[in-house]
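Chain and residue survey
One-letter residues, chain by chain:
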Amino acid sequence: MSQQLKLKKDVAKAALSYIEDGMILGVGTGTTVNCLIDFLGDIRIKGAVASSKVTQEKLEAIGIEVMDLNFVGEVDLYLDGADEVNPNLQLIKGGGGALTREKIVAAASKQFICMVDESKWVTQLGREFPVPIEVLPQARSYVAREVVKLGGEPVYREGFVTDYGNVILDTYQLNIESASDMEQRLNNIVGVVCNGIFAANQADTLLIAKSTGVEKLTR
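Here we summarise the structure given alongside this text. (Residues numbered from 1 in each chain as written. Predicted model: local features only at pLDDT ≥ 70, side-chain atom pairs only at ≥ 80, totals over all residues. Heavy atoms only, no water.)

On to the packing of helix H1 (residues 3-15) against helix H2 (residues 31-39), then. Where H1 contacts H2, the axes come no closer than 8 Å and their chain directions differ by 55°. Between H1 and H2, the angle falls in the class oblique. Viewed along their axes, H1 and H2 form a crossing whose handedness is right-handed. Along its contact with H1, which presents Leu5, Lys8, Lys9, Val11, Ala12, Lys13 and Ala15, the element H2 presents Thr31, Thr32, Cys35, Leu36, Asp38 and Phe39. Residues of the contact of H1 with H2, tallied by class, amount to 7 nonpolar, 2 polar and 4 charged. (Axes fitted to C-alpha atoms, helices over the stretch in contact; angles between N-to-C directions. Helix = DSSP H or I, 4+ residues; strand = E, 2+ residues; numbered from the N terminus. Parallel < 35°, antiparallel > 145°, perpendicular 65-115°, else oblique. Left-handed = near helix turned anticlockwise from the far one by under 90°. Contact = heavy atoms within 4.5 Å. Nonpolar A, V, L, I, M, F, W, Y, C, P; charged D, E, K, R; others polar.)

Put into structure tokens, the structure is as follows:
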């Protein structure tokens, strides 16, 4: 087992202590979440809301009922990873392309716990990892031009379609001094469905796995 995989398993296991019997969980998408799902089979929860088709299939495979958010109302706890996280517990997410569904489930949850390994910790978002932007297909070129005006370098994620049938522009070189401001500016571009900056829906609690153990940060 690689050191990074060990850290992902460590932080996923630490997140289990926040799950209570009878909860409705929101379950994110990604490699760290996959480690979490491996541990969920023995936990008595009421059901789960999945942030992607991939996660839904994994949950159903271990016998967890996947529920429609429209009929659930409020989710007790949302558990997900991140591609980057800053000291304000603001995130970049969407490397797997599920950012819109992830943001919806996070917004509908009472509490959002983010699980990462120490490689995801940054002082400023966007310096290393691009910001994914989900875009209506017919607006792709227009949105790309508008993003360039903001200083970004958008790259079309070829061969990928989101669960909603849209495309992704992975955007490099955005100067994200204010995550909240940049999130809103991107969302205001006509044709943008959602972007991968989680500032309005930032994490409530961050669990970060290091070689010395799992640390907890709250806002």
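The discussion continues.
A complete count under the given rule lists 1 aromatic pair for this structure. Between the aromatic rings of tyrosine 78 and phenylalanine 112, the centroid separation amounts to 5.0 Å while the plane-to-plane angle is 50°, which identifies the pairing as tilted. Placement of the pair is tyrosine 78 in strand E3 (residues 77-80) and phenylalanine 112 in strand E6 (residues 112-117), with a sequence separation of 34 residues. With respect to burial, tyrosine 78 and phenylalanine 112 carry one shared label: buried. The positively charged end of lysine 93 is found above the aromatic ring belonging to phenylalanine 198, 5.6 Å away from the centroid. The ring of phenylalanine 160 is capped by arginine 157, whose NZ or CZ atom sits 5.2 Å from the centre of that ring. (Phe/Tyr/Trp six-rings, centres within 6.5 Å; stacked < 30°, edge-to-face > 60°. Buried < 20%, exposed > 50% of the residue type's maximum accessible area, 1.4 Å probe, protein only. Lys NZ or Arg CZ within 6 Å of the ring centre and 35° of its normal.)

Honestly, it's all geometry; don't read function into it.
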